[in-house]
Every structure is written in structure tokens, then in C-alpha cells.
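Residue strings, one per chain:
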Amino acid sequence: MRTDINALTAVRNLGILAHVDAGKTTVTERILYATGTTHKRGEVHDGTTVTDFDPQERDRGITIFAAAVSCSWDGHRINLIDTPGHVDFADEVERSLRVLDGAVAVFDAVAGVEPQSESVWRQADRHGVPRIAFVNKLDRAGADLDAAVESIRQRLHPAPLVVQLPIGREDGFTGVVDLLRLRALTWADGGDTAEEGPVPDALREEAGRRRRLLEEAVAERHPAALEEFCDRETLSAETLASALRDLTRSGDGVVVLCGSAYRNRGVEPLLDAVVAYLPSPLDVPAVRGTYDGAEQERAADPHAPFAALAFKVSATPTGRLTYLRVYSGTIGKGDTVLDAGARRTERVGRILRVRADRRTPVDRALAGDIVAVVGLKAARPGATLCAPQAPVVLEPPGVADPVVSVA
Ligand code: GDP
């Protein structure tokens, strides 16, 4: 059963956070496309996006109800939890944040940090969700990565760590220089996958300068990196990568990537960064809870007693679907679980892994996983479901802090 634990290191429970219109739906679409989850690209404007299940969402062109979708990238399972970007749905954002282990914050390269991006960022801070930033829409007239990064530095986080240099501006934006490997990634017009090549001559000096700035910013904040930097006056790509992972997970730095989701440029390196820097369910602290006044803790261990949080309930033709984040233990088809807050038992019908436009039945779900369950009749969003012999009402990280709603 050790394999179960090892498999957890290859899970990323990911949210995409953004100001409305920054491109969250498009980024989500392109992730599903890049991971082979969908075979055609949905476009926001023609209402074919697969994450927007609800007709009301399609009509309004905004993502109202969070949906969780699983996809695979580089041997990892990414459970993508959609979070609404609209101010009217602060509660739903809050619930989604409770079940994430990491997030991508999407910004518009023209507008930079906008008021709603700031509110959602603060909410994610309160929940201790590690983040990487994706500056989107680099193809737009007036797009300016440096200005967007500066607005991140001033309004959100003092340590944006920029790991890419754009190739070309606005309409001529064709790719990025990966500052860790000092390689160019470019996308041909209409091309789906990146082509790798040497850094263009015209950008070599600038790429070297930016690599140096990145090394200095990382060494300043990471003791082991500082040691190497002092010894060798430079940092290897491996040291940079592991320091960036540590800084992301501790919240001491925010890796910044860029691209144009609409033109499908920059999404693969973004997925690589999600896998490299954001934590797995094993890397995050155990969740705390209480029951009858007694404090409890549940670690991400498939052998511990079962505990999960219901974070979304939706009515579908299949029946009532309850989306669960499993924190500890294992849940199987036919199990009886306790809704600890309501003190009522329920029976688990089918367990489904949701993959964009398909739902695949699975026999069980383990700690760290996100699945949808059919058969629960009454559990509400926010309910803790647990093993009846080990009752707990979960308080996910950050919930002890006062929560200010988005305004
Ligand atoms: P959301 O509200 O954050 O989910 O944003 P959407 O994904 O719906 O995008 C908002 C608008 O921006 C849509 O019209 C998209 O087609 C457009 N858009 C998204 N990504 C890009 C991009 O990279 N470049 C440009 N020029 N437009 C984009």
C-alpha cells in the first residue's frame, strides 16, 4: 500500500484565480486541451467551454459555479478546481480555496493587478494557498510584462520571481525564454505545442541580465541558494528550481510566468511550473478539526480514518453530485459516512472522476483526491463527511482567521 502514498506526491489540487475577464476560463480551456482532456479548443465567446456546465454561465459569459475537473500532465494528476472570479460569488471562491493545495493567479498583461485580483489574492493568503502567477494576454496592444510584475510587487507580493522573458511584443509575441534553462520556447501561428531552440541572438544579453536578477532575488530569500551563490557567484538551474519550489510553498516568493492563453502560448510551461513548484497533498499541513470539543488532526494518509469536505453540490441528470476533497483515509462505493456537523449518516453511491465532458466511475478515492459522489442526499457544501467511528468536523487551514468577503 506504500504505492498509494507515493501516488499522492503526483497529485496537484489546483485552482485558477483571477479578476473577471483576465482569462481564467481561457487558461482552464487551454490546460484541458494541452493535457489531452479535450480534443477541440472551446472558445469562451461561442459558449463551448467545457468547464462552464451551466447554461446560465454560458449566457453570462462568466464562470459562476465551481467545477472540478481532473487531467494529467507529465505523470501527475491535476485536479482543476474552478473558482468564480465574479464578486457576487465570494462564498463559492471561499469554499474552493478551502480545498486547494495551490493556485495559478491569472493577470491581464495590460491591466496588471485589478481590484478583484487583489481581493482573491488576500483570500488565498488567509487560506495559506501557495501560488504562481501567470501574466496573460501578452499578445494584446499595450501588454507590458514588466509593468504587470511591478503591480504585483507593489500591491500583492514583494517578491515576484520572473522566470521567463517574452519573445516579441503585442501582436508579435511568439514565445518565451525559459530563464532557468536559457532556452527559447516558441509557438508557431496555430501551432499547439512549443518548439524549443536557442535563445535568439537579440535577446541573449537581456536574458543573461534577467537570469542574474532572478538568481539574486532567489539567493536573497533562500539560505541554501545563498550559500551556493556566495561560493560560485552563480546558481545552477537545479538549485534555482528547488529554491523556487521552496519559496513558492512557503509563500516567500511568487514565480511569474507569462503567455497568451487565447493564442495557446505559454500553457505548457505553466503546467510544468504547476508540477514543479506547487505542493502535493502530502506537502501541505494536516487539516485540523474538532468533535464534541476535542481537537483532532487528519493527515494525508490513505490508512487514517476517512475525512472529507463537501465543497460543491450540483444537480445533474445523473443525480445529485457532491464534490468532495478527501483529506485522509479512503472512501469506497457503498460506504456509510457520517455528516459530522448534521450528525446524520449517508450512503455513498457511485464515485466519479470528472474529466471535462466525461465522468468516469472509480471504486474508491484516497486522501488528497477530489472526486464527485452520487447518492448523498443531504450533505451541503461545507459539510465534513467522515468515518462514523472517527467523527470530526474539519476546519481547513486559515479558517480560524477572520474572513473578509470580497467587496
Ligand atoms: P475570465 O472571465 O477570467 O474567465 O476570462 P475569459 O477566459 O472569459 O476571457 C475574457 C476575454 O479575454 C475573452 O474574450 C477571451 O477570448 C479574451 N482572452 C483570454 N485570453 C486572452 C489572451 O491571451 N489574449 C487576448 N487578446 N485575449 C484573451
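Reading the values: the criteria
Residues numbered from 1 in each chain as written. Predicted model: local features only at pLDDT ≥ 70, side-chain atom pairs only at ≥ 80, totals over all residues. Heavy atoms only, no water. UniProt positions renumbered as here; feature names shortened; annotations may be inferred. Near = heavy atom within 4 Å. Polar contact = N/O pair within 3.5 Å; in protein donor to acceptor, adjacent residues only side chain to side chain. Areas by Shrake-Rupley, 256 points an atom, 1.4 Å probe, with all protein chains shown as cover. Helix = DSSP H or I, 4+ residues; strand = E, 2+ residues; numbered from the N terminus. Nonpolar A, V, L, I, M, F, W, Y, C, P; charged D, E, K, R; others polar. Core = buried A, V, L, I, M, F, W, Y, C linked by side-chain atoms within 4.5 Å. Buried < 20%, exposed > 50% of the residue type's maximum accessible area, 1.4 Å probe, protein only. Contact = heavy atoms within 4.5 Å. Expected span 1.5 Å × (residues − 1). Salt bridge = Lys/Arg side-chain N within 4 Å of Asp/Glu carboxyl O. Pairing = 2+ DSSP bridges. Axes fitted to C-alpha atoms, helices over the stretch in contact; angles between N-to-C directions. Phe/Tyr/Trp six-rings, centres within 6.5 Å; stacked < 30°, edge-to-face > 60°. Lys NZ or Arg CZ within 6 Å of the ring centre and 35° of its normal.

In the nomenclature of an unreviewed UniProt entry, the chain is known as Elongation factor G of Streptomyces lincolnensis. Looking at the Subcellular location (unreviewed entry) heading of the UniProt record, one finds this comment for the chain: "Cytoplasm".

Caption draft 1: Structural view of the site of the ligand. Lining the immediate environment of the ligand, one finds 16 residues, of which Asp 21, Lys 24, Thr 25, Thr 26 and Asp 139 sit closest. Contacts to the ligand include Asp 21, whose backbone N or O atom sits 2.7 Å from an oxygen atom. Summarising the interface, the protein chains cover 83% of the accessible area of the ligand, which totals 580 Å² for the free molecule. By residue number, the principal contributor to the shell around the ligand is helix H2 (residues 24–34), which donates three residues. Here the shell around the ligand is built from residues that sort into five nonpolar, six polar and five charged.

Caption draft 2: Representation of the nonpolar core. Within the largest apolar cluster, 49 residues are counted, with the highest numbers of intra-cluster contacts made by Val 104, Ile 132, Leu 214, Val 218 and Leu 244. At seven residues, the largest contribution of residues to this core is made by helix H10 (residues 267–277). What Ile 132 contacts, discounting residues up to four positions off in sequence, is Ala 103, Val 104, Ala 105, Thr 248, Val 254, Val 255, Leu 257, Leu 270, Ala 273, Val 274, Tyr 277 and Leu 278. Grouped together as the second largest cluster of nonpolar side chains are 29 residues, Val 120, Ala 307, Ile 370 and Cys 386 included.

Caption draft 3: Layout of helix H5 (residues 115–126). Along its twelve residues, H5 runs 17 Å from first to last C-alpha, staying within 8% of the 16 Å computed at 1.5 Å per residue. Considered for burial, the residues of H5 that qualify are Gln 116, Ser 117, Ser 119, Val 120, Trp 121, Gln 123, Ala 124 and Arg 126. In the stretch just after H5, Gly 128 is the one whose phi turns positive, near 65 degrees.

Caption draft 4: Up close: the pattern of salt bridges. Scanning the entire structure with this criterion turns up 28 salt bridges. Between Glu 150 and Arg 153 there is a salt bridge, with its nearest N and O atoms 3.1 Å apart. One end of the pair is Glu 150 and the other is Arg 153, both in helix H6 (residues 145–155) and three residues apart, which spans about a single turn. A salt bridge links Asp 369 to Arg 353; the shortest N-O distance between them is 3.0 Å. With a gap of 16 residues between them, Asp 369 in the loop between strand E21 (364–366) and strand E22 (370–374) and Arg 353 in strand E19 (residues 351–355) connect regions that are remote in the sequence. Taking relative accessible area as the criterion, Asp 369 reaches 5% and is therefore assigned buried. Taken together, the shared-partner salt bridges connect Glu 118, Arg 122, Asp 125, Arg 131 and Arg 155 into one network.

Caption draft 5: Summary view of the sheet that holds strand E24 (residues 393–395). Here we have three strands laid out as an open sheet, ordered E13-E12-E24, and antiparallel in their pairing. Either end of the sheet is taken by a strand with one partner, and the two such strands are strand E13 (294–298) and E24. Within this sheet the neighbouring strands show an average axis-to-axis angle of 35 degrees, counted without direction. Where strand E12 (residues 287–291) meets E13, five bridges bridge the pair, whose relative direction is antiparallel. Paired with Gly 289 across the strands is Gln 296, a residue of E13.

Caption draft 6: Focus on the sheet that holds strand E5 (residues 131–136). As summarised here, the arrangement of the seven strands in space is E2-E3-E1-E4-E5-E11-E6, forming an open sheet in which the pairing is mixed. Of all the strands in the sheet, the pair left with one neighbour each is strand E2 (68–73) and strand E6 (160–162). Between one strand and the next, the sheet's axes are offset by a mean angle of 30 degrees, whatever the strand orientation. Note that E5 and strand E11 (residues 254–258) share three bridges and pair parallel. Across the sheet, residue Val 135 finds its bridge partner in E11, namely Cys 258.

Caption draft 7: Seen up close, the environment of Asp 101. Tracing the backbone shows Asp 101 in the loop between helix H4 (90–99) and strand E4 (102–108). Along the primary structure Asp 101 and Ser 260 are separated by 159 residues, whereas in three dimensions their C-alpha atoms are 25 Å apart. Those residues in contact with Asp 101 that sit more than four places away from it in its chain are Asn 13, Val 129, Pro 130, Pro 279, Ser 280, Pro 281, Val 284 and Arg 325. Reaching out from Asp 101, the side chain makes a polar contact with the side chain of Arg 325 at a distance of 3.0 Å.

Caption draft 8: Representation of the packing of aromatic side chains within the structure. Scanning the model with the defined rule gives two aromatic pairs in all. A centroid spacing of 6.3 Å and a plane angle of 45 degrees characterise the contact between Phe 107 and Trp 121, whose relative ring orientation is tilted. With a gap of 14 residues between them, Phe 107 in strand E4 and Trp 121 in helix H5 connect regions that are remote in the sequence. Given the relative accessible area of 2%, Phe 107 is considered buried. For Trp 121, a relative accessible area of 2% corresponds to the buried category. When the centroid spacing of 6.0 Å and the interplanar angle of 55 degrees are considered together, the rings of Phe 311 and Tyr 323 count as tilted. Remark: Tyr 323 occurs in strand E15 (residues 319–328) and Phe 311 occurs in strand E14 (residues 307–316); sequence separation between them is twelve residues. When its relative accessible area of 1% is taken as the criterion, Tyr 323 is described as buried. Directly above the aromatic system of Trp 121 lies the positively charged group of Arg 131, at a separation of 4.3 Å from the ring centroid.

Caption draft 9: Structural context of unusual backbone geometry. At Asp 21, a position not held by glycine, the phi torsion is positive, near 85 degrees. The exposure class of Asp 21 is exposed, given its relative accessible area of 65%. Although it is not a glycine, Lys 137 sits at a positive phi angle of roughly 65 degrees.

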